[in-house]
Amino acid sequence: MKKPDPNRLDNPKNRLTIRNAILADAAAVAVMTAKAYAGTGIMPYVEAMITGHINRFPQGQFVATVNDQVVGYCGTFRIAEKIALAKHTWGGISGNGYASRHDGNGDWLYGMELSVDKDYRGYRIGQRFYAKRKGLCRSLGLKGIVVGGRLPNLKKHLKHVETAENYIEEVQQRHIKDPVLSVQLRNGFEVIGLLPDYIDEDQQSLGYASHLVWYNPRIPDPEIEGNRIGKNYGLKATDSVRVATVQYLQRRVSSFEEFIANVRYFVDVMANYKADFVMFPELFSLQLLTIADKELSASEAVSVLTEYTPQFIEAMRDLALRYNVNIIGGSHPIYVTEDKVENVAFVFLRDGSVHKQSKIHPTPSEATWWNIEGGNEVKVIDTDCGPIGVLICYDSEFPELARHLTDQGAHILFVPFCTDERQGYQRVRYCCQARAIENQIYVVMSGNVGNLPNVANMDIQYAQSCILTPCDFAFARDGIAADTTPNVETVAIADLRIDSLIVARNSGTVQNLKDRRHDLYQLKWIGKKQK
């Protein structure tokens, strides 16, 4: 197996971080931009330019880092509408790269720079930067964001499309893919015109740029609303968390690559919907046992699955990074010691970190078929959307576990499950709804459908995956934010507002957490060390 590069994202120890740039980053940013623009004809930044950006508007400059190495830069400044929406050149509007036209009273945010190290492209770092820009725009109450977008594939296609205007139209119609404009369109930007002579040195774009805007949805403008191009497809509230649960069809696969291709499909689709979390069911990786195309004993099955564990973790972590989405990776039985098997949920965060939560209570069938034993610890996992908890299937039927996670600060509880018939499913469903009410939290369920012949204890599946809420006026009428049709492969999506939980806990019709009688009873987690 190839040894991971210590400075690359395929090294599981490394994290991808987006943060505000500081003056100490200036030299590294200049070096990175020189590498990013090599071969384009565009002059890279010098350290003095980056210093000017940070000194003038520190909250508007961002860097992406991996292992403390700068691998991306995003520069912005504020500008007046009459300047931002008029024809302009990059040098003219940016003060020749120093952001010297920054206007502290400007009503638009101008995206002056966004570049990523060539060795780190493919991890949606640009999308992460756009999210930071949008967050800044909203927090400052600005009308929107304006950018002049390069057209790197224009030179290659000019003979066919004839004009730059036609090229933009072809990209908008998805007949041509442009590495810059296509990404900007996916991130909600709209073309309002063409900017000739934007950067004369840009050989690939022939000096042209698309003139794009993103409108702040918190600033209504009737004139803008009436003239927008397209739809706000997949738009979510800025103070909500978008959660997707995959009701996954168990099927035969011929290779590990085919299995990951099935998983990638859902991650890709949900990333396009701007999901913050995507969850898969308990034991969904057991379909890997169909590769051998023969019936295996329980001990053989666990042994075979364990062989796939390093590949599984590496591939799922890579998906979380590349698609910029947090993945609750169902669960996967592994040997935690030489003779102890646990059913473990892996959580792959979009910064590259990997977390584990063992199932505390194996079901009788798990103990019988696979000799699975229970774990001993339940802890919240800190994410970029706040603390979450994971309880695997049967564990949701023990109220102490969810209460312990809630006491640690969890707002969302993810429950990957695997049930073979309706009664088993209803036990999990009813208990999850109870956990949502008594802890005033959101609960997300994800189950398998279909069947796996020759795989012990996975003969048939029943599931109706859903996203559950407390029952109060701030939430869906029936305490169900999203539901699925039983026993078909599908996805349920919902936007969950954490502030609604806080309001309900403090001033809801009932206040389960506040009204506990701590003078009469308590939950005390004893815990024990692993054998």
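Conventions adopted
Residues numbered from 1 in each chain as written. Predicted model: local features only at pLDDT ≥ 70, side-chain atom pairs only at ≥ 80, totals over all residues. Heavy atoms only, no water. Axes fitted to C-alpha atoms, helices over the stretch in contact; angles between N-to-C directions. Helix = DSSP H or I, 4+ residues; strand = E, 2+ residues; numbered from the N terminus. Parallel < 35°, antiparallel > 145°, perpendicular 65-115°, else oblique. Left-handed = near helix turned anticlockwise from the far one by under 90°. Contact = heavy atoms within 4.5 Å. Nonpolar A, V, L, I, M, F, W, Y, C, P; charged D, E, K, R; others polar. pLDDT = per-residue confidence, 0-100.

### A word on the packing of helix H13 (residues 399–407) against helix H14 (residues 422–439)
So, step 1. Relative orientation of the contacting elements H13 and H14 amounts to 40 degrees, with a least axis distance of 10 Å. As the angle between them shows, H13 and H14 are arranged oblique. Crossing of H13 over H14 shows right-handed handedness. Residue-level inspection shows Pro399, Ala402, Arg403 and Thr406 of H13 in contact with H14, the latter providing Arg435, Glu438 and Asn439.
So, step 2. For the contact of H13 with H14, the class distribution of residues is 2 nonpolar, 2 polar and 3 charged.

### Some thoughts on the confidence of the model for the protein
So, step 1. Averaged over the protein, the pLDDT score is 92; the fraction of residues at 70 or greater is 94%.
So, step 2. Residue range residues 224–233 is modelled with pLDDT below 50. Its contacts to residues more than four positions away, or to other chains, number 6 contacts.

### A closer look at unusual backbone geometry
So, step 1. With a phi close to 55 degrees, Asn96 is a non-glycine residue in the positive phi region.
So, step 2. Mapped onto the elements of the fold, Asn96 is located in the loop between helix H4 (90–94) and strand S4 (108–116).
So, step 3. One non-glycine residue with positive phi stands out, namely Leu206, at about 55 degrees.
So, step 4. Note on placement: Leu206 falls in the loop between strand S6 (190–195) and strand S7 (209–215).

### Observations concerning the packing of helix H1 (residues 26–36) against helix H2 (residues 47–56)
So, step 1. Their axes nearest at 8 Å, the elements H1 and H2 cross at an angle of 125 degrees. Judged on the interaxial angle alone, H2 and H1 are oblique. In the crossing of H1 with H2, the sense of the turn from one axis to the other is right-handed. Taken together, the residues of H2 that come into contact with H1 (itself represented by Ala26, Ala27, Val29 and Ala30) are Glu47, Ile50 and Thr51.

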